[in-house]
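Commentary on secondary and tertiary structure
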Amino acid sequence: MTVKQYTVGVLSLQGAFKEHIDLFKLATESQHEKFHFLEVKTPQQLLRCDALVIPGGESTSMSLIAERTKMIQPLVDFIHSGKPLWGTCAGLIFLSREIVNGRPNQKALGAIDIQVKRNAFGRQLDSFESMLDFSGFIEAVDQFPAIFIRAPVISKVLPTEYNEEYITMKLVDDQSPIIRSENESVNKSKVELLYTLDNGLVVAARQGNVLVTSFHPELSDDCRFHRWFIQEFVAST
Amino acid sequence: MSNELKLNKGLAQMLKGGVIMDVVNAEQAKIAERAGACAVMALERIPADMRASGQVCRMSDPKLIKEIMEEVSIPVMAKCRIGHFVEAQILQAIGIDYIDESEVLTPADKKYHIEKTAFKIPFVCGAKNLGEALRRIQEGASMIRSKGEAGTGDISSAVGHLTLIKEQIAKVLQMNDEELQQFAKQERISVESLKELQANGGKLPVVNFAAGGVATPADAALCMQLGCDGVFVGSGIFKSKNPEKLATAIVNAVTHYNDPEKLLEYSTDLGELMFGVAIDQLKDNEKLSSRGW
């Protein structure tokens with residue numbers, strides 16, 4: 001009997017893509033015949049993927065490079081296929097429907113019906129690490145080192161046929177224009193807010209097959225988050 | 001590892017596969033951001049002009065740095081002089097994202113570098129060889145870059161530094177305890193840092209970028225193929241006739257550094273590039289890479 005094999009791609013235009021691949025390999029060590037991990041820089045590589053991760057990096061750089069190298073439409077097609085997606089930090093920003101404090105030429109892919117605020121905590125001096133309890137959605141993971149680097153947060157769940165508008169963060173004095181995705185919402189699930197910090201800021205969410213985190217599990221040496229993504233999103237399909 | 005070091009190394013990891021560009025005003029910063037730079041380095045003068053001036057070069061005026069920070073949403077770096085920990089304190093007070101303790105500025109201390117562990121803000125430092133890289137990391141640098149001759153447009157010394165570090169790492173991987181002791185003593189580094197390098201299979205504990213003399217998309221891709229994690233571009237972009245086009249091409253080349261077809265496209269019709277100064281034409285005392293100890 002042949003084992004079903006999965007190819008998980010990591011978008012490798014800019015940012016910490018190798019770190020994701022290293023942790024995925026660690027997380028699936030015992031089943032390395034079943035899972036294959038691929039750096040994705042071209043539309044052809046993306047076509048081979050059963051799931052895609054968009055890593056941390058600079059969200060403006062990533063979006064501009066994707067546009068120039070003709071990756072936007074293939075990414076939109078991938079989203080429409082309903083395959084699993086996970087965005088960390090800059091990846092969260094890229095996958096969102098609306099971006100507050102975005103740059104005029106930055107694209108929002110619209111894979112998840114949320115609004116995100118970039119650099120919500122401030123500059124590098126405001127970056128932080130915190131031990132968080134994720135046992136509410138990952139079994140037994142009650143201590144996880146979550147690393148936030150110039151991190152974005154989820155400021156709003158956007159209204160769709162499946163979601164009611166829900167504002168999680170009041171944007172005070174934010175005059176910057178909002179970048180809105182040109183792509184139609186195709187996600188037929190409800191947005192679940194997975195984790196809220198003590199100060200009320202929402203830093204993890206999922207909508208069906210799409211997962212977003214404003215922190216970087218790929219920078220820790222703990223592979224439990226990656227293992228959960230594989231079990232819950234990839235191998236469950 | 002301390003919490004801060006982890007966060008500061010983490011920010012450098014976010015810059016990987018990216019291009020950090022020198023800019024001297026808000027307008028250039030905007031061009032860099034539009035081109036897809038993952039960070040900018042805020043300077044009063046680009047290295048080519050500093051080199052030509054023959055004057056003492058210091059930290060930029062905080063007013064200029066603040067203007068650039070307000071203009072762009074990507075991380076902003078700034079340079080302080082080697083050993084000038086007060087300039088670093090000032091940059092930290094501005095709230096800059098990264099400090100480059102740089103040989104491009106006139107060194108303030110001929111013996112010591114800044115004790116970077118005393119700061120919350122991350123530092124990048126130059127290194128010509130493995131010993132220098134590990135000394136800087138030991139002092140608290142959370143990112144390393146080569147020390148190619150800034151402002152020359154000649155890539156040869158950056159290439160030299162990247163390959164030397166690789167060769168030295170390969171040697172360290174073969175060393176026994178006695179040889180490690182000897183190398184550590186000679187390079188003024190701890191034996192532990194070398195043992196750690198061995199345990200990690202030769203992977204440096206921080207990100208290593210190419211810097212100094214990068215003037216074309218091909219130069220940037222060359223450094224990437226030699227194994228660096230990303231690229232700093234100084235004078236090359238804004239000394240060329242068409243900065244926006246060149247900046248964009250270099251960003252694209254760093255993403256697709258292994259694809260000659262794409263590099264061909266990015267290298268074509270860029271217009272007049274920066275003038276060059278061959279490093280061999282410089283006297284030893286004119287070489288900036290000799291600064292740092």
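Cut-offs and rules
Residues numbered from 1 in each chain as written. Chains lettered and ligands numbered in written order. Predicted model: local features only at pLDDT ≥ 70, side-chain atom pairs only at ≥ 80, totals over all residues. Heavy atoms only, no water. UniProt positions renumbered as here; feature names shortened; annotations may be inferred. Contact = heavy atoms within 4.5 Å. Helix = DSSP H or I, 4+ residues; strand = E, 2+ residues; numbered from the N terminus. Buried < 20%, exposed > 50% of the residue type's maximum accessible area, 1.4 Å probe, protein only. Buried area = accessible area lost by both parts, 1.4 Å probe. Salt bridge = Lys/Arg side-chain N within 4 Å of Asp/Glu carboxyl O. Polar contact = N/O pair within 3.5 Å; in protein donor to acceptor, adjacent residues only side chain to side chain. Pairing = 2+ DSSP bridges. Axes fitted to C-alpha atoms, helices over the stretch in contact; angles between N-to-C directions. Core = buried A, V, L, I, M, F, W, Y, C linked by side-chain atoms within 4.5 Å. Patch = residues over 30% accessible without salt bridge, like charges linked within 9 Å, V, L, I, M, F, W, Y side chains within 5 Å. Areas by Shrake-Rupley, 256 points an atom, 1.4 Å probe, with all protein chains shown as cover.

**Topic: the UniProt feature "binding site: L-glutamine" (unreviewed entry) in chain A**
UniProt feature "binding site: L-glutamine" (unreviewed entry): in the numbering of this structure it lies at Gly57(A), Glu58(A), Ser59(A), Arg118(A), Ile149(A) and Arg150(A). Considering the C-alpha atoms alone, the annotated residues occupy 94 residues of sequence yet fold into one spot, their largest mutual distance being 12.6 Å. Leaving out residues up to four positions away in the same chain, Gly57(A) has contacts with Gln14(A), Gly15(A), Met62(A), Ala90(A) and Met14(B). Looking at the element boundaries, Ser59(A) is found in helix H3 (residues 59-68). The class for Ser59(A) is buried, based on a relative accessible area of 5%. Sequence-distant contacts of Ser59(A), defined by excluding residues within four places in its chain, comprise Ala90(A), Ile93(A), Gln106(A) and Arg118(A).

**Some words on the interface of chain B and chain A**
Taken together, the contact between chain B and chain A spans 39 residues of the former and 35 residues of the latter. Summing both partners gives a buried area of about 3,000 Å² for chain B against chain A, and 51% of it is carried by carbon and sulfur. Three residues, Leu7(B), Met14(B) and Ser73(B), lead the burial of chain B against chain A; their summed loss comes to 23% of the area buried on that side. For Arg123(A), the salt bridge goes to Asp97(B), with nearest N and O atoms at 2.7 Å. At the boundary of chain B and chain A, one finds 26 residue pairs in polar contact (both at pLDDT 80 or more). Among the secondary structure elements, those contributing two or more residues to the side of chain B that touches chain A are helix H1 (3-14), helix H2 (26-35), helix H4 (62-71), helix H12 (243-255) and helix H13 (260-267) of chain B. With eight residues, the top contributor of residues to the side of chain B that touches chain A is H1(B).

**Observations concerning the sheet that holds strand E4 (residues 98-102) of chain B**
Residue and element names in this part refer to chain B. Overall, parallel pairing links the eight strands, which are arranged E7-E6-E5-E4-E3-E2-E1-E8 in an open sheet. Since the sheet does not close on itself, it has two edges, and those belong to strand E7 (207-209) and strand E8 (231-233), each with one partner. Strand-to-strand twist across the sheet, computed as the mean angle between neighbouring axes with direction ignored, equals 25 degrees. As paired strands, strand E1 (residues 19-23) and E8 are joined by three bridges and run parallel to one another. Bridging across to E8, Val 19 finds its partner in Val 231. Packed onto the sheet, helix H5 (residues 85-94) meets strand E3 (76-81), E4 and strand E5 (123-126) and runs at close to 160 degrees relative to E3.

**Focus: the UniProt feature "active site" (unreviewed entry) in chain B**
Residue and element names in this part refer to chain B. In this numbering, the UniProt entry assigns the feature "active site" (unreviewed entry) to Lys 79. Checked against the element boundaries, Lys 79 lands in strand E3. The contacts of Lys 79, once residues within four sequence positions are left out, are Met 41, Leu 43, Met 59, Leu 91, Asp 100, Ser 102, Val 104 and Leu 105. A polar side-chain atom of Lys 79 sits 2.8 Å from a polar atom in the side chain of Asp 100.

**As for the pattern of salt bridges**
Side chains that differ in sign of charge can pair as their charged atoms come close. With the rule as written, the count across this model stands at 33 salt bridges over all chains. Between Asp113(A) and Arg97(A) there is a salt bridge; the shortest N-O distance is 2.6 Å. Placement of the pair is Asp113(A) in strand E6 (residues 112-117) and Arg97(A) in strand E5 (residues 96-100), with a sequence separation of 16 residues. Judged by its relative accessible area of 12%, Arg97(A) is buried. Salt-bridge contacts for Glu87(B) lead to Arg81(B); the nearest nitrogen and oxygen are separated by 2.8 Å. Given a relative accessible area of 14%, Arg81(B) falls into the buried group. One salt-bridge network, in which partners are shared between bridges, spans Lys79(B), Asp100(B), Glu103(B) and Arg145(B).

**A look at the side chain of Ser73(B)**
You can see Ser73(B) is positioned in the loop between H4 and E3. Residue classification places Ser73(B) among the buried positions, given a relative accessible area of 7%. Ser73(B) has contacts with Glu58(A), Thr60(A), Arg103(A), Arg118(A), Asn119(A), Arg150(A) and Glu33(B), leaving out every residue within four places of it along the chain.

**Some remarks on the nonpolar core**
Core analysis: the biggest nonpolar cluster contains 92 residues, and Phe94(A), Leu95(A), Leu109(A), Met21(B), Leu91(B) and Ile96(B) have the highest contact counts within it. Counting residues per element, this core draws most heavily on H12(B), at seven residues. Ile21(A), Leu132(A), Val153(A) and Leu201(A) belong to the second-largest nonpolar core, a separate cluster that totals 37 residues.

**Some thoughts on a nonpolar patch on the surface**
A surface patch of nonpolar side chains, about 250 Å² in accessible area, is lined by Phe85(B), Val86(B) and Ile90(B). Inspection of the secondary structure assignment puts Val86(B) in helix H5.

**Notes on the UniProt feature "active site" (unreviewed entry) in chain A**
Those residues carrying the UniProt feature "active site" (unreviewed entry) are Cys89(A), His216(A) and Glu218(A) in this numbering. The greatest C-alpha distance among the residues just named is 10.7 Å, despite their covering 130 residues of sequence, which places them together in space. Discounting residues that sit within four places of it in the chain, Cys89(A) has contacts with Gly56(A), Ile149(A), Ala151(A), Pro152(A), Thr213(A), Ser214(A), Phe215(A) and His216(A). For Glu218(A), the location among the structural elements is in the loop between strand E14 (210-213) and helix H6 (224-234). Assessed through its relative accessible area of 3%, Glu218(A) is described here as buried. Ignoring anything within four residues of it in the chain, the contact list for Glu218(A) reads Ala16(A), Glu19(A), His20(A), Leu23(A), Gly56(A), Thr88(A), His226(A) and Met14(B). Here the side chain of Glu218(A) touches Thr88(A) through a polar contact of 3.4 Å, side chain to side chain.

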